2 protein chains.
Amino acid sequence: MECYLDNASTTRVDDEVASLIQELMLKDYGNPASLHSKGFEAEQHIRSARSFFCDVLKCRESEIVFTSGGTESDNLAIIGTYFVKRRRGNHIITTKIEHPAVSQTIQYLAEVGAKIDLLDVDRHGHIDLAQLDDLLSDKTSLVSVMHVNNEVGAVEPIAEIGRLIRKKQPDCLFHVDDVQGFGKIPIIPAECKVDLLSVSSHKLHGPKGAGLLYKSDRTKITELMHGGGQQNGLRSGTENVPGVAGFALAASKLYGSISEDHERMKALREKFLLDLQDIEDIRVNGGDVPYIISLSIKDIRAEVIVHALAEKGIFVSAGSACASKKLQISPTLSAMDVEKWQLESTIRISLSAHTTQEEMDYAAEQIKLIVPDLRRFVRR
Amino acid sequence: MECYLDNASTTRVDDEVASLIQELMLKDYGNPASLHSKGFEAEQHIRSARSFFCDVLKCRESEIVFTSGGTESDNLAIIGTYFVKRRRGNHIITTKIEHPAVSQTIQYLAEVGAKIDLLDVDRHGHIDLAQLDDLLSDKTSLVSVMHVNNEVGAVEPIAEIGRLIRKKQPDCLFHVDDVQGFGKIPIIPAECKVDLLSVSSHKLHGPKGAGLLYKSDRTKITELMHGGGQQNGLRSGTENVPGVAGFALAASKLYGSISEDHERMKALREKFLLDLQDIEDIRVNGGDVPYIISLSIKDIRAEVIVHALAEKGIFVSAGSACASKKLQISPTLSAMDVEKWQLESTIRISLSAHTTQEEMDYAAEQIKLIVPDLRRFVRR
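Residues numbered from 1 in each chain as written. Chains lettered and ligands numbered in written order. Predicted model: local features only at pLDDT ≥ 70, side-chain atom pairs only at ≥ 80, totals over all residues. Heavy atoms only, no water.

## Remarks on the relation of the copies chain A and chain B
Step number 1: Between chain A and chain B, the superposition needs a rotation of 180° and an axial shift of 0.0 Å, giving an RMSD of 0.0 Å. The transformation relating the two chain copies, once decomposed into turn and shift, fits a two-fold axis.
Step number 2: Taken as a fraction of all interface residues of chain A, those also at the interface in chain B reach 100%, which identifies the copy contact as same-surface. (Least-squares fit on C-alpha atoms with pLDDT ≥ 70 in both. Contact = heavy atoms within 4.5 Å.)

Below you can see the structure in the form of structure tokens.
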């Protein structure tokens, strides 16, 4: 049985989405910039996608910029605002648990003159609003806080953060990396006082190579890529029409049943953890969302259990998703101040709306067999 | 009959390429960064693609950076080297006929301190090596010259330019925008002393949203996008596996028959121009390559004939491909010093290896009917 439980890393493209992409590659393959009807057809797909995202984010068409993915969206949001705002203030506040697409981009800005403060998190992975309040000053030009943490599924209080910033420093911009939240937890940027919001397609059964940045009209940014002036000059380059259309279709399919899927994944998670309760010395980290299960398994290195499970057709990840081959110490778990053994022995099991009871049962059953087996070698 | 002759703008994805992409979206959909076999499978597709491009470009694996397309490749090459080299020299030389992805990126650098010189072209669209020689100084850090011009198909003498630069200013880097040449005219960067070469997938029957930058190992660049550190840290972000694999397959299919396709397109072009010879007051611009036909048709505005042809199912473009909706005066035609009427009355008919005799005959037949018809209104 093949059991893909690494959906926070990437997802299988939805069948209907794949068919749409196929169709656009072969039929409506024009360049949206072209004057003729082949161009108009292509442009129409970009317009429909934009209109869908405007509906769910309750925003204007000018506020959506399509990108090549979450990393580009984060870079565009952070670098693009810094060079506009740095004269007013070069102070950026972020958290200790951001994805590298945010943390490394801010690190780069630190090298070119930005002053950075990192918010701590508690053992649940939550930031402290009082610390943010203390750090916010009239020199703070940007606060960047993720919505859902990619490693442990902690949910940050985006609306409260937004209100605090808008009240205390109305000129300070608020960026949210929503790569792990979009399509699973509804969010309306304007209501949460969010100025910039990054979304990725391949985390929600859409194709790789597509994403978007929501950018409120009040927010001025400089572009990362110069050229033909597509997308109001904010992102030059021929639009990836099949990618964008597939992204929108994938997102719209998730949006059709967010709360049912949430409840179903919650039940899957609860049953799964119940199934594992007899294994000793395991610990669950974070877990505000049902679809990310961070599991520390004492005495077994994460990569060992990842490989053992893969042999059974079960795909999970060690530590963080995206650059996990490096096997660095997880900044999220470190910041959550977990016990030292957990830093090397934590895996992430990540569900999607497509995950079935059968898959979760099979995974639990195999973990129950594998863990004692692997421990026999280290514990004798 | 549908007759797509706007292949310099974008191309229909090859059927086999579309099938491969479909398969990778649904089967080998893993994240190359993942530790498990689903990740390895995905990584394998990136490796094979890289290996193919290394074979044709005769370069090392570390010299290929996959990007989201030609625009990103151009930006990465130009911006990425400028911030490494500007202390040694902030002088950049380019031509008057570059694609906006190059010209606008260099224009941006001019705004942040670069000193720019623009090479003239003659009436065939060719630069003058003597002018380049005059302008090259020890302050020149980058020369950027396109291989094949996107509007008129002029071919620049890349090997001679490379030799001149390497001889006179060996530390100066040479970037080539090869978006309109790759897969049609073989090029080996090291032999031509090219340090950076940009390629796009969607111009050669590959998918939109993919491209690459060849970057010689001797060339140091800073990344445009920060994050997970994929591709040796030069381009963070989950690789677009289906896009990259489809790009490589599309390119490999073209590489299988470059000279046959060239001869065939040459014959198509010759017959086509012969068919049009009885129309008075038309002029062909540039045309070193058979697959780009720039045609000035006196007394008819480009957009009028583009629309009239589109009604007959024939898709061509007005002026430049990529941002042609703007209907700006073509910088290429202006630089070539064409007659004033040509600036408003030039269309581009662009072929690909898939273009058939039947399509070209139909296009010629319709142009012969439409031109006198449209002229009747303006010439009475």
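We are not done yet, so read on.
## Regarding the sheet that holds strand E10 (residues 292–297) of chain B
Residue and element names in this part refer to chain B.
Step number 1: Taken in spatial order, the four strands make up an open sheet running E9-E10-E13-E12, and their pairing is antiparallel. Pairing within the sheet leaves two strands with one partner each, and these edge strands are strand E9 (282–285) and strand E12 (317–318).
Step number 2: In this sheet, strand E13 (residues 346–350) lies alongside E10 in antiparallel orientation, the contact comprising five bridges. Its bridge partner lying in E13, serine 294 is registered against arginine 348.
Step number 3: On the sheet, helix H8 (residues 258–275) packs against E9, E10 and E13 and is oriented at approximately 15° with respect to E10.
Step number 4: Strands E10, E12 and E13 of the sheet are contacted by helix H9 (residues 302–311), whose axis makes an angle of about 40° with E13. (Pairing = 2+ DSSP bridges. Helix = DSSP H or I, 4+ residues; strand = E, 2+ residues; numbered from the N terminus. Axes fitted to C-alpha atoms, helices over the stretch in contact; angles between N-to-C directions.)

## What to know about the interface of chain A and chain B
Step number 1: Between chain A and chain B, the contact holds 71 residues from the first and 71 residues from the second.
Step number 2: The tally of links between chain A and chain B comes to two salt bridges.
Step number 3: When residues of the side of chain A that touches chain B are traced back to their parent elements, those giving at least two are helix H1 (15–26), helix H2 (37–57), helix H3 (70–85), helix H4 (100–111), helix H7 (241–255) and helix H9 (302–311) of chain A.
Step number 4: Among the elements that make up the side of chain A that touches chain B, the one with the highest residue count is H1(A) (seven residues).
Step number 5: Tallied by class, the residues present in the side of chain A that touches chain B amount to 29 nonpolar, 28 polar and 14 charged. (Salt bridge = Lys/Arg side-chain N within 4 Å of Asp/Glu carboxyl O. Nonpolar A, V, L, I, M, F, W, Y, C, P; charged D, E, K, R; others polar.)

## Description of the packing of aromatic side chains
Step number 1: Counted under the stated rule, the structure contains 18 aromatic pairs over all chains.
Step number 2: Grouped by ring-pair contacts, the aromatic residues Phe52(A), Phe53(A), Phe66(A), Phe182(A), Phe247(A) and Tyr255(A) constitute a single cluster. (Phe/Tyr/Trp six-rings, centres within 6.5 Å; stacked < 30°, edge-to-face > 60°.)

## Structural notes on helix H1 (residues 15–26) of chain B
Residue and element names in this part refer to chain B.
Step number 1: Taking 1.5 Å per residue, 12 residues should reach 16 Å; H1 reaches 17 Å between its end C-alpha atoms and fits that length.
Step number 2: Taken together, the buried positions of H1 are Val17, Ala18, Ile21, Gln22, Leu24, Met25 and Leu26.
Step number 3: A side-chain oxygen of the first residue of H1 lies 2.9 Å from the backbone nitrogen of glutamate 16; this N-cap is aspartate 14. (Expected span 1.5 Å × (residues − 1). Buried < 20%, exposed > 50% of the residue type's maximum accessible area, 1.4 Å probe, protein only. Polar contact = N/O pair within 3.5 Å; in protein donor to acceptor, adjacent residues only side chain to side chain.)

## Some words on the sheet that holds strand E7 (residues 196–200) of chain A
Backbone-to-backbone hydrogen bonds pair the strands of a sheet. The strands run either parallel or antiparallel.
Residue and element names in this part refer to chain A.
Step number 1: In spatial order, the strands read E2-E8-E7-E6-E5-E3-E4; together these seven strands make up an open sheet with mixed pairing. Each end of this open sheet is capped by a strand with a single partner; those strands are strand E2 (64–67) and strand E4 (115–119). Sheet twist, expressed as the mean angle between neighbouring strand axes with direction ignored, is 20°.
Step number 2: Note that strand E5 (residues 140–144) and strand E6 (residues 173–177) share three bridges and pair parallel. From the neighbouring strand, serine 144 faces E6, where its bridge partner is histidine 175.
Step number 3: Lying over the sheet, H3 contacts E2, strand E3 (91–95), E5, E6, E7 and strand E8 (211–215), oriented at roughly 160° with respect to E7.
Step number 4: Along the sheet, H4 makes contact with E3, E4, E5 and E6, crossing E3 at roughly 155°.

## Side note on the pairing of E4(A)
Residues and elements named next belong to chain A.
Step number 1: Of the strand pairs in this sheet, E3 and E4 are connected by five bridges, and their pairing is parallel. In the sheet register, threonine 95 faces E4, and the bridge partner there is leucine 119.
Step number 2: Where the polypeptide runs from E3 across H4 and back to E4, its parallel neighbour, the crossover connection is right-handed. (Right-handed = clockwise from strand over helix to strand, strands pointing away.)

## Thoughts on the domain arrangement of chain A
Residue and element names in this part refer to chain A.
Step number 1: The domains assigned to chain A are domain 1 (3–11 + 258–379) and domain 2 (15–255).
Step number 2: Here the C-alpha centre of domain 2 lies 28 Å away from the C-alpha centre of domain 1.
Step number 3: Of the residues lining the interface, 29 residues belong to domain 1; the matching set on domain 2 comes to 31 residues.
Step number 4: Between domain 1 and domain 2, roughly 2400 Å² of surface is buried when both sides are summed, and carbon and sulfur atoms account for 53% of that area.
Step number 5: Where domain 1 packs against domain 2, one counts zero salt bridges.
Step number 6: Inspection of the domain 1/domain 2 interface yields 19 residue pairs in polar contact (both at pLDDT 80 or more).
Step number 7: When residues of the side of domain 1 that touches domain 2 are traced back to their parent elements, those giving at least two are helix H8 (258–275), strand E10 (292–297) and helix H10 (331–335).
Step number 8: The leading source of residues in the side of domain 1 that touches domain 2 is H10, at four residues.
Step number 9: Its residues placed into classes, the side of domain 1 that touches domain 2 shows 11 nonpolar, 15 polar and three charged. (Domains from an automatic or database assignment. Buried area = accessible area lost by both parts, 1.4 Å probe.)

## Notes on the pattern of salt bridges
Step number 1: Per the counting criterion, the structure on display carries 40 salt bridges over all chains.
Step number 2: Between Lys96(A) and Asp120(A) there is a salt bridge whose closest N-O contact spans 2.5 Å. Taken together, the residues span a long stretch of sequence, with Lys96(A) in the loop between E3 and H4 and Asp120(A) in the loop between E4 and helix H5 (129–135) at a distance of 24 residues.
Step number 3: Take Asp120(A): its relative accessible area is 34%, and that puts it in the partly exposed class.
Step number 4: We note a salt bridge from Glu63(B) to Arg60(B), for which the minimum N-O separation is 3.3 Å.
Step number 5: Given a relative accessible area of 5%, Glu63(B) falls into the buried group.
Step number 6: What you see here is one network of salt bridges that share partners, running through Asp14(A), Glu16(A) and Lys253(A).

## Things to note about the environment of Ile367(A)
Step number 1: Mapped onto the elements, Ile367(A) comes out in helix H11 (residues 357–379).
Step number 2: Between the C-alpha atoms of Ile367(A) and Leu119(A), which are 248 residues apart in sequence, the distance is 35 Å.

## Digging into the side chain of Glu151(B)
Residues and elements named next belong to chain B.
Step number 1: Summarising the element assignment, glutamate 151 is placed in the loop between strand E5 (140–144) and helix H6 (158–168).
Step number 2: For the buried glutamate 151, no salt bridge exists, and the shortest N-O distance to an oppositely charged side chain is 7.1 Å, to arginine 348.
Step number 3: There is a polar contact of 2.5 Å between the side chain of glutamate 151 and the side chain of serine 330. (Lys, Arg positive; Asp, Glu negative; His and termini not counted.)

## Structural notes on H8(A)
Residues and elements named next belong to chain A.
Step number 1: Its 18 residues give H8 an end-to-end C-alpha distance of 26 Å, which sits within 8% of 26 Å, the value for a rise of 1.5 Å per residue.
Step number 2: Of all the residues in H8, the buried ones are Ile258, Asp261, Met265, Leu268, Arg269, Phe272 and Asp275. Take H8 and look down its axis: the buried residues cluster within an arc of 125°, on one side only. (Arc of directions from axis to C-beta.)

## Here's the deal with the nonpolar core
Step number 1: Counting residues in each nonpolar core, the largest one holds 124 residues, and the members touching the most others are Phe53(A), Leu57(A), Phe53(B) and Leu57(B).
Step number 2: Excluding its chain neighbours within four sequence positions, the residues that come into contact with Phe53(B) are Lys58(B), Ile64(B), Phe66(B), Phe182(B), Leu212(B), Phe247(B), Ala248(B) and Ala251(B).
Step number 3: Formed by 38 residues, the second largest nonpolar core is a distinct cluster that contains Val65(A), Leu76(A), Ile79(A) and Leu76(B). (Core = buried A, V, L, I, M, F, W, Y, C linked by side-chain atoms within 4.5 Å.)

## Details of empty space enclosed by the protein
Step number 1: In total, this model carries 10 cavities of 30 Å³ or more according to the counting rule given.
Step number 2: Lining the largest cavity are 29 residues, with Gly237(A), Thr238(A), Ser68(B), Gly69(B) and Thr71(B) positioned closest to its centre.
Step number 3: When contributions to the lining of the largest cavity are tallied by element, the ones reaching two or more residues are E2 of chain A together with helix H3 (70–85) of chain B.
Step number 4: Looking at which element gives the most residues to the lining of the largest cavity, the answer is H3(B), with four residues.
Step number 5: A per-class count over the lining of the largest cavity returns six nonpolar, 17 polar and six charged.
Step number 6: Its volume calculated, the second largest cavity comes out at about 260 Å³.
Step number 7: Contributing to the lining of the second largest cavity are 24 residues, with Gly70(A), Thr71(A), His99(A), His202(A) and Lys203(A) lying nearest its centre. (1 Å grid on protein atoms, 1.4 Å probe; cavity = no way out; pocket = protein on both sides within 12 Å on 5 of 7 lines; lining within 4 Å. Points joined across faces, edges and corners; volume = space filled by probe spheres on them.)

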